[in-house]
Amino acid sequence: MFMKNLSQILINREKLKETSPLIHAITNPIAINMVANAILGIGAKAICAAHPDEVSEIVNMAKSLSINLGNITSERMLAMARAVRKANEVKIPTAIDVVGVGASSLRLNYAKDLLTKDNFDLIKGNSSEIKALCGEKSEAVGIDVGRADEISDENIKELSYMARKLSKKYQATILLTGKIDLLVDEDRYFLIENGVENLSRITATGCMLTGLISSFMAVADPISACLTGLLLLEVSSEKADTDRLGTFYVNLMDEISTISDDEIIQRAKIREVKF
């Protein structure tokens, strides 16, 4: 039954190509090139405008907005706050990638302030970041997940219920990324077990995932958009894998734009659990 549903979910890829929506991604400068090219590669249009005095105009013509707290600056903090406010006003889907909130009180307090004042359809982070956002002890190592926080069969139930509370609090879908990805809303959660180690050895692949998901949010609900973006990136990474990192990155970009739905369905490793 779920594979049938997955076929329907992946139709979002064609919807995106047909409409080619403008996706506004306010991300960090380390990631801009990768994020923009990934969005372009799946058939959408990308803009990464981050000047506080123009973001409202850009959001007004965009079909989806994502903000990313990586490599944070005062100017980008102001720009993101203005962009999210405008996105709520014009009612386009909005995602926040809470990069580094487990390492920095500046980012954590800023994220909490945004989440309190504004509406987000998706909150994304690794399990250390989501734990910090929930007020739990986080073992974050910079922007990376701490070993003790990594998603495993032993802590999935605990993390899923924690994320469910966050989902209820902010009326948002929650995505915890890692070797196992945990996708949570108020009624159910999904475990996605695709991907390869090299994704963690290339900087900004997590930011690229946010861009992909945000793109699909322009044509689909957050759960479907997350599943599409996750499987597209992670199954592509399996096909692209090699011991040469530069070659892996080039192969990954090629696969993201060319991989078939059938290949994704055949390789997909997803479990759905009801609360």
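Note that the structure is predicted; figures quoted are calculated from it, not measured.

Rules behind the numbers
- Residues numbered from 1 in each chain as written.
- Predicted model: local features only at pLDDT ≥ 70, side-chain atom pairs only at ≥ 80, totals over all residues.
- Heavy atoms only, no water.
- UniProt positions renumbered as here; feature names shortened; annotations may be inferred.
- Helix = DSSP H or I, 4+ residues; strand = E, 2+ residues; numbered from the N terminus.
- Buried < 20%, exposed > 50% of the residue type's maximum accessible area, 1.4 Å probe, protein only.
- Contact = heavy atoms within 4.5 Å.
- Salt bridge = Lys/Arg side-chain N within 4 Å of Asp/Glu carboxyl O.
- Pairing = 2+ DSSP bridges.
- Axes fitted to C-alpha atoms, helices over the stretch in contact; angles between N-to-C directions.
- Expected span 1.5 Å × (residues − 1).
- Arc of directions from axis to C-beta.

Caption draft 1: Structural view of the UniProt feature "binding site: ATP" (unreviewed entry) in the chain. The positions UniProt marks with the feature "binding site: ATP" (unreviewed entry) are K124 and T177. The greatest C-alpha distance among the annotated residues, which extend across 54 residues, is 7.6 Å, indicating that they converge on a single site. By the secondary structure assignment, K124 is in strand β5 (residues 122–126). Under the relative-accessibility criterion, K124 is labelled buried at 4%. Discounting residues that sit within four places of it in the chain, K124 has contacts with I96, D97, V98, I130, L175, T177, G206, L209 and T210.

Caption draft 2: Focus on the pattern of salt bridges. Within the structure shown, the criterion is met by 16 salt bridges. Salt-bridge contacts for K124 lead to D97; the nearest nitrogen and oxygen are separated by 3.0 Å. Of this pair, K124 sits in strand β5 while D97 sits in strand β4 (residues 94–97); the two residues are 27 residues apart in sequence, bridging distant segments of the chain. With respect to burial, K124 and D97 carry one shared label: buried. The partner of D185 in a salt bridge is R188, with the nearest N and O atoms 3.6 Å apart. Judged by relative accessible area, which is 15%, D185 ranks as buried. Judged by relative accessible area, R188 falls into the partly exposed class, the value being 24%. A single network of salt bridges, built from pairs that share partners, joins D185, R188, E272 and K274.

Caption draft 3: Structural view of unusual backbone geometry. At S20, a residue that is not glycine, the phi angle is positive and equals roughly 45 degrees. Its location among the elements puts S20 in the loop between α2 (11–19) and β1 (22–26). Although it is not a glycine, A204 adopts a positive phi angle of roughly 80 degrees. Its place among the elements puts A204 in the loop between β8 (188–192) and α9 (205–217). A204 sits in the buried class, given a relative accessible area of 11%.

Caption draft 4: Main features of the sheet that holds strand β7 (residues 181–184). Spatial strand order, β2-β1-β3-β4-β5-β6-β7-β8-β9: nine strands in an open sheet with mixed pairing. Since the sheet does not close on itself, it has two edges, and those belong to β2 (45–47) and β9 (270–274), each with one partner. Between one strand and the next, the sheet's axes are offset by a mean angle of 15 degrees, whatever the strand orientation. As paired elements, β8 and β9 share five bridges and run antiparallel to each other. Paired with F190 across the bridge in β9 is E272. Sheet strands touched by helix α8 (residues 156–170): β5, β6 (173–177), β7 and β8. Its angle to β7, the strand with the most contacts, is close to 40 degrees. Against the sheet, helix α10 (residues 222–240) makes contact with β5, β6, β7, β8 and β9, and its axis sits at roughly 5 degrees relative to β8, the strand it touches most.

Caption draft 5: Highlighting helix α6 (residues 105–117). With 13 residues, α6 should reach 18 Å at 1.5 Å per residue; the first-to-last C-alpha distance of 18 Å fits that figure. Among all positions in α6, only R107, L108, Y110, A111, L114 and L115 are buried. Looking straight down α6, one finds that the buried residues subtend no more than 165 degrees of arc, so they occupy a single side. Those residues of α6 that are exposed and aimed more than 90 degrees away from the buried face are S105, T116 and K117. Buried residues along α6 sit in contact with β3 (64–68), α5 (74–90), β4, β5, α7 (127–133) and α8.

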